[in-house]
Amino acid sequence: MQTYKSQIKQAADFLKTPVGKSPRVGIITGTGLGESVGNFDILASFDYSRIPNFPLSTVTSHMGQVLIGKMGDTPVVVFQGRFHLYEGYSPLEVIFPVRVLQTLGVKTLILSNAAGGLNSGFRKGDIMLIRDHINLTGENPLVGHNEESWGLRFPDMISAYDKKLSQLTFQLGQESGLHLQTGIYAGLKGPSLETPAEIRYLKNIGADAVGFSTVMEVIAAVHAKINILAFSTITNINDPDNPRSANLEDIIKVAEAAAPKLESIISRVVARL
Ligand code: HPA
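Residues numbered from 1 in each chain as written. Predicted model: local features only at pLDDT ≥ 70, side-chain atom pairs only at ≥ 80, totals over all residues. Heavy atoms only, no water.

S.K.: Would you mind going over a nonpolar patch on the surface in detail, with residue names and values included?
M.R.: On the surface, a nonpolar cluster with roughly 250 Å² of combined accessible area is contributed by Leu136, Tyr201 and Ile205. Along the chain, Tyr201 falls in helix α5 (residues 196-204). (Patch = residues over 30% accessible without salt bridge, like charges linked within 9 Å, V, L, I, M, F, W, Y side chains within 5 Å. Areas by Shrake-Rupley, 256 points an atom, 1.4 Å probe, with all protein chains shown as cover. Salt bridge = Lys/Arg side-chain N within 4 Å of Asp/Glu carboxyl O. Helix = DSSP H or I, 4+ residues; strand = E, 2+ residues; numbered from the N terminus.)

S.K.: Lay out the pattern of salt bridges in plain terms, naming residues and giving numbers.
M.R.: In the structure shown here, the tally under the stated rule is seven salt bridges. A salt bridge links Lys124 to Asp250; the nearest nitrogen and oxygen atoms lie 3.7 Å apart. Here Lys124, found in the loop between β5 (108-117) and β6 (127-135), pairs with Asp250, found in helix α7 (residues 248-271); they are 126 residues apart in sequence, far enough to count as distant. The class for Lys124 is partly exposed, based on a relative accessible area of 48%. (Buried < 20%, exposed > 50% of the residue type's maximum accessible area, 1.4 Å probe, protein only.)

S.K.: Mind laying out the pairing of strand β1 (residues 25-29), listing which residues take part and the relevant values?
M.R.: With respect to burial, β1 is a largely interior element, five of its five residues being buried. Residue alternation in β1 divides its side chains into two sets, Val25, Ile27 and Thr29 and Gly26 and Ile28, and both sets are buried. As paired elements, β1 and strand β4 (residues 74-80) share five bridges and run parallel to each other. Across the sheet, the residue bridging to Ile27 is Val78, located in β4. In the sheet, β1 pairs with β5 via four bridges, with the strands oriented parallel. What sits directly across from Val25, in β5, is Thr108. (Pairing = 2+ DSSP bridges.)

S.K.: Describe the site of the ligand, listing the residues and the values that go with them.
M.R.: Contacts to the ligand come from Ala114, Ala115, Gly116, Leu193, Glu194, Val210, Gly211, Phe212, Thr235, Asn236, Asn238 and Ile251. A distance of 3.0 Å separates an oxygen atom of the ligand from a polar atom in the side chain of Asn238. Taken by itself the ligand offers 260 Å² of open surface, and the protein chains cover 93% of this. Counting only elements with at least two residues in the shell around the ligand, the list comes to β5, β8 (209-211) and β9 (227-237). The element best represented in the shell around the ligand is β5, accounting for three residues. A per-class count over the shell around the ligand returns six nonpolar, five polar and one charged. (Near = heavy atom within 4 Å. Polar contact = N/O pair within 3.5 Å; in protein donor to acceptor, adjacent residues only side chain to side chain. Nonpolar A, V, L, I, M, F, W, Y, C, P; charged D, E, K, R; others polar.)

S.K.: I'd like a rundown of the pairing of strand β7 (residues 181-187), residues and numbers included.
M.R.: Each regular strand displays side chains that alternate between the two surfaces of the sheet. Extensive coverage of β7 is indicated by the burial of six of its seven residues. Sheet analysis places β6 next to β7, joined by seven bridges and oriented parallel. Paired with Met128 across the two strands is Gln181, which belongs to β7. With three bridges joining them, β7 and β8 adopt parallel strand pairing. Within β8, the residue paired with Gly187 across the bridge is Gly211.

S.K.: How would you summarise the environment of Lys225 if you had to cite specific residues and measurements?
M.R.: Checked against the element boundaries, Lys225 lands in the loop between α6 (215-223) and β9. Exposure remark for Lys225: the relative accessible area of 65% places this residue in the exposed category. Each C-alpha atom of the pair Lys225 and Lys107 lies 7.8 Å from the other, and the pair is 118 residues apart in sequence.

S.K.: Describe the packing of helix α1 (residues 4-19) against helix α3 (residues 96-104), listing the residues and the values that go with them.
M.R.: At a minimum axis distance of 9 Å, the contact between α1 and α3 shows a crossing angle of 60°. On the basis of their axis angle, the class for α1 and α3 is oblique. Between α1 and α3 lies a crossing of right-handed hand. Contacts from Tyr4, Gln7, Ile8, Ala11, Ala12, Leu15, Lys16 and Val19 in α1 reach Phe96, Arg99, Val100, Thr103 and Leu104 in α3. Classifying every residue of the contact of α1 with α3 gives nine nonpolar, two polar and two charged. (Axes fitted to C-alpha atoms, helices over the stretch in contact; angles between N-to-C directions. Parallel < 35°, antiparallel > 145°, perpendicular 65-115°, else oblique. Left-handed = near helix turned anticlockwise from the far one by under 90°. Contact = heavy atoms within 4.5 Å.)

What follows is the structure in structure tokens.
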């Protein structure tokens, strides 16, 4: 049986030729944001099913393909569609794309997701720069044998999200008339949405937004010493004093409507990397 490490190597080898020399930037997109890759010269694209050992995305709002190309002069690999714990994927499957990017030599990872807003200052359609996270999934992708060539046994999570990169992004947003919110993302396993009591709890522990992704990938990327920039599109507002049902169609609609803003800020940032 193949080891996880050899599976990753095989997947990275498959992408190496089309990728050419080391890509500097990797992007993993989430709900409704699959197309947030404006200003991007695509040189090659593959369905996930063609990449050896790659898990398949089961979520219909996710696209399940990898795009290889250039944003300006910067070589970029974009994974459109991610794997979630709630789909039944293991933490190692969820972080598979991150390990492939690490093996390809990526230095910066940009992540996007859809999230429910908890901060009372947030509005539907806002984009939040993730400043920090709270991992409430009960999982961790680094449990078990530590692959020393990939990273340390006990990686430091003190500055998981790159401060300089966030500041630059915030500033580039301001310059282009986009005000970015900033805040803390609580990562849950899902798939059931939060109860009013859970929403109150999440607010009390300091979370500004909640969702079912991103924290596994961030932990793996920190382990890999990859710089991280992450965005949440606030697709609905969770207020414990005025509980309202969030529906998936609405969430996708809001995420898609906000996508051009995200697309634009991502290309501005990548141009500066
Ligand atoms: N909760 C969890 N995940 C989400 C939400 C939410 O309210 N909105 C979008 N993704």
